[in-house]
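Spelled out from the first residue to the last, the chains are:
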Amino acid sequence: MWFTSSTAVASVAVLAAVANAQNSGDYSPPKYPSPWMRGGNGWQDAYAKAQAFVSQLTLLEKINLTTGVGWEGEACVGNTGSIPRLGFRGLCLQDSPLGIRFADLNSAFPAGINAAATWSTRLIKDRGRAMGEEMNGKGIDMQLGPVAGPLGRAPAGGRNWEGFSPDPVLTGRAIAESVKGIQDAGVIACAKHFIMNEQERYREPNNEGTNKFAYSANLDDKTMHELYLWPFADAVRAGAAAIMSSYNQINNSYGSQNSYTVNYLLKNELDFQGAVVSDWWAQHTGVASALAGLDITMAGDQGLASGNTYWGSNLTAAVLNGTLPQWRLDDMVVRIMSAYYKVGRDTHRVPVNFNSWNSSTFGYRHPLAQEGFEQINFHVDVQADHARLIREIGGASTVLLKNTRNVLPLKKPKSLAVIGEDAHDNPGGPNACSDRGCNIGTLAMGWGSGTANYPYLIAPVTALKAQAAKDNTAFTNVSNNYDLAAIKAAVTGAEAAIVFVNANSGERYITVDGNGGDRNNLTLWGNGDALVEYVASIHPNTIVVLHTVGAVIVEDFKNHPNITAILWAGLPGQESGNAITDVLYGVVNPQAKSVFTWGKKREDWGVDVVYHFEEDPPQLNFKEGNFIDYRYFDANNIAPSYEFGFGLSYTTYAYSDLKITKLNPGPYEPTTGFTKAAPTFGTIDYNPANAQFPPGFHEVPLYVYPFLNGSIPTGQPQNWPEKSFDSSPQPRVPAGGSAGGNRQLYDVLYTVSVTIKNTGTRRGTEIAQLYLSLGAPSDPIRVLRGFNDVPLSAGESRTITFELTRRDVSNWDTASQNWVISSYPKKVFVGASSRNLPLQAPLP
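Residues numbered from 1 in each chain as written. Predicted model: local features only at pLDDT ≥ 70, side-chain atom pairs only at ≥ 80, totals over all residues. Heavy atoms only, no water.

**Side note on the overall build of the chain**
And step 1. The number of helices and strands found in the chain is 20 helices and 26 strands.
And step 2. Here the C-alpha radius of gyration of the chain, 27 Å, is about what a compact globule of 844 residues would show, namely 28 Å.
And step 3. Dimensions along the principal axes, computed over C-alpha positions, put the chain at roughly 85 × 65 × 50 Å.
And step 4. Buried residues in the chain amount to 65% of all 844 residues.
And step 5. Across the chain, every contact between residues at least 6 apart in sequence was considered, and the portion connecting residues at least 24 apart equals 78%.
And step 6. In the chain, 66 side chains carry a positive charge and 76 a negative one; their mean positions are 7 Å apart. (Helix = DSSP H or I, 4+ residues; strand = E, 2+ residues; numbered from the N terminus. Rg over C-alpha atoms; globule rule 2.2 N^0.38 Å. Buried < 20%, exposed > 50% of the residue type's maximum accessible area, 1.4 Å probe, protein only. Contact = heavy atoms within 4.5 Å. Lys, Arg positive; Asp, Glu negative; His and termini not counted. Charge placed at Lys NZ, Arg CZ, Asp CG, Glu CD.)

Below, the structure is given as structure tokens:
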């Protein structure tokens, strides 16, 4: 394996190996030592406070902050140990990317994919801040989100909806604004899952019953940098204080102990200053994972409720017997505490006032052990006025895909029929299924750990019925997708028939309707395709609303003459019904653009989830490189049903006056020089007797502690990777040196201005998009490099400006291990979607 010293080779040869990786058996090269924090990029004050705090700590106290106490050990999904001597409560880590999981009196926000579909950095940041405010109000220190992994390589991927888009620039902007919003509210944002967690099947050892190992995502260096690493660079540049590693392997090394991805790419090249957290039970080694850059292990136990641990007492022993150097432990703890101080947890932290494992007011403080009966839920209402924002995002993220004869917006129709289970409530209530692990009633979030409890869920039928009553519109509805007689009776004579259908997905540990996290297909659920076809066959004004986790096959709907409108409403959260009613009736003029491509058939995407592997470890080879989603469609001249970036409005827009200005920020200079030597903080008491359980200490069953329980191992083989213990000054990476990479990557080289005019009769917001051709035959035809939401009154014109940075116009060069502007001619395109680009000009 990679952690034996015999695998150490020259750096150039090592990087050459990964440059060409994308095949079974690919190799992730060792990169050591783990970089130590330096406190730059806005971390200076937090770093100083963390150094002072950590210098006071004993060995056991340091270990306690790095190790979770075990599943259901305390109130939160993840809990680190505490420091009673200093009155420091352990950290509370809590799902999810769209709100608080396992709590009450909290909001259920639109999913990440909906936030991205607004293409509004204001709304995305506001969503992040609102979630952060709720987390803070419940006493949560770290929100487990936002998501850039999965990026969305395969449209059937189960957790794509938790993230933003398969485009790295859109995801990068969205994750950066989300991080800023969450941390502005005083909560640590934990960007995840780092990296290549692109499908649910085979993501963990034994999760398919036949695999001993998780799949290995095998990819080359260029694809890593230009596609999958790109948004994480933006998260780091935005100040993300924590990053979660992934379950899977990357080039045959697990994400939580992959020294190349964590030590080299994340902590060295991207200069990440925060803490790396393992996904729950994604850690597979003890000292090896610490040397490879892991800082916090979650949930702390080796397996669900196992009681044993890779760290805790074992990490204590490793320090005492010299297996783990003090500088690496100190760096782990300083990173953790720097994250804490960076977001101001020391100034506004409140006690944890909820319990993930029991919704009752009273229960056990240690649920797994059933010890410490006390008040565990204080039912603190943290919702504030966030319902307003949720409704706004729900409307702003609804993509109008088709609108024949301008049938929308509705104008007080005489009669209306609403058809489909997806328009209606789950009879058991919106939280009837744990972690939303079912598909009953209207769909407003997927399933798994990336969910939250609804405080309520406004079903479409509820809001539409209220609007109909207000307008004196005759109203009928049918919830049974299979009751054709009732459906026919309901739609007969109606002025419009609105059909609600859905497609769901989620995390692997739950299977819904035979779908094990990833979707089995790209069709609608619950007889949805047949339902739409039937209604359209008997009604000439059929409007289709799609609540889906991503793309479904809609080509027949697009071409059906009786289907007059199609809207993608995605996963809009608790205000779902109100948001779609706002759009259908024109209270909100659609601005949303699709954040993924809609293919005509499943094969159009060129890549897919792999549902079965013969080999173990499973080898998931990313041979498509950069060419996913619209990049693949463009390169292969495949006509989609609807392209990436497409979305209609109730008004129209015109583009003109493209102007490009070249700036001169100076030449690109690779980072040079050396770091300082690794610092240590405080002293270590190396007497094992002082690391034992104190006399009379009550040990909570299955709770993870840092105390030794007996003698420490000695005389063990010390076959550790070369340089993994090296604390001397280290050479700085040419492409690194600052948050997100070399600071000059973010120099603005060009500004691009265009004028947009609202040529229609309604006020609206246009999403202007800038694409760039990088020019080389091996490059995608065009890549998104900028966007701007432009509100305009009818007849109004406005000139907007895009900025192109050095990174935007560069390619990753595997030979020099740096970003390089190629000599190929480059061209700028501006317009309303990836295939509607009326303005273009060469880049001077």
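So, next bit.
**A look at the packing of helix α2 (residues 44-54) against helix α12 (residues 326-342)**
And step 1. Orientation of α2 relative to α12, taken along the N-to-C sense of each, is 130 degrees, at an axis distance of 8 Å. The orientation of α2 relative to α12 falls into the category oblique. For α2 against α12, the interelement crossing comes out right-handed. Only V333, V334, M337, S338, Y341 and K342 of α12 make contact with α2, whose side of the interface consists of A46, Y47, K49, A50, F53 and V54.
And step 2. Looking at the contact of α2 with α12 residue by residue, the classes come out as nine nonpolar, one polar and two charged. (Axes fitted to C-alpha atoms, helices over the stretch in contact; angles between N-to-C directions. Parallel < 35°, antiparallel > 145°, perpendicular 65-115°, else oblique. Left-handed = near helix turned anticlockwise from the far one by under 90°. Nonpolar A, V, L, I, M, F, W, Y, C, P; charged D, E, K, R; others polar.)

**Examining the sheet that holds strand β19 (residues 748-758)**
And step 1. Taking strand neighbours across the sheet as the criterion, the three strands line up as β18-β19-β22 in an open arrangement whose pairing is antiparallel. At either end of the open sheet lies a strand with only one pairing partner, and these are β18 (653-662) and β22 (797-805). Taking each pair of neighbouring strands and ignoring which way they run, the sheet shows an average axis angle of 20 degrees.
And step 2. Strand direction decides the pairing type here: β18 and β19, joined by eight bridges, are antiparallel. Bridging across to β19, I660 finds its partner in V752. (Pairing = 2+ DSSP bridges.)

**Remarks on the pairing of strand β21 (residues 783-792)**
And step 1. With respect to burial, β21 is a largely interior element, seven of its ten residues being buried.
And step 2. Relative to β21, strand β20 (residues 764-773) is paired through nine bridges, and the arrangement is antiparallel. Looking at β21, one finds that E766 is bridged to V790.

**Structural notes on the pattern of salt bridges**
And step 1. A full pass over the atoms with the stated rule returns 37 salt bridges.
And step 2. Of the charged contacts, one joins R129 and E133 as a salt bridge, the two residues approaching to 3.2 Å between their closest N and O atoms. Here the residue R129 and the residue E133 both occupy positions in helix α5 (residues 121-137), the gap between them amounting to four residues, near one helical turn.
And step 3. Residue R129 is classed as partly exposed on the basis of its relative accessible area, which comes to 36%.
And step 4. Looking at E133, the relative accessible area reads 35%, which means it is partly exposed.
And step 5. A salt bridge links R602 to D608, with the nearest nitrogen and oxygen atoms 2.6 Å apart. (Salt bridge = Lys/Arg side-chain N within 4 Å of Asp/Glu carboxyl O.)

**Looking at the nonpolar core**
Soluble globular proteins tend to pack their nonpolar side chains together in the buried interior.
And step 1. Core analysis: the largest hydrophobic core is formed by 222 residues, its most contacted members being Y228, W280, M337 and I419.
And step 2. If one sorts the elements of this core by residue count, α12 sits on top with nine residues.
And step 3. Non-local contacts of Y228, meaning those with residues more than four positions away in its chain, are made with L151, R153, I195, M196, E198, L219, T223, F622, E624 and I628.
And step 4. V407, L408, F500 and A569 belong to the second largest nonpolar core, which has 25 residues in total. (Core = buried A, V, L, I, M, F, W, Y, C linked by side-chain atoms within 4.5 Å.)

Bear in mind that shape data such as this cannot, by itself, settle questions of function.
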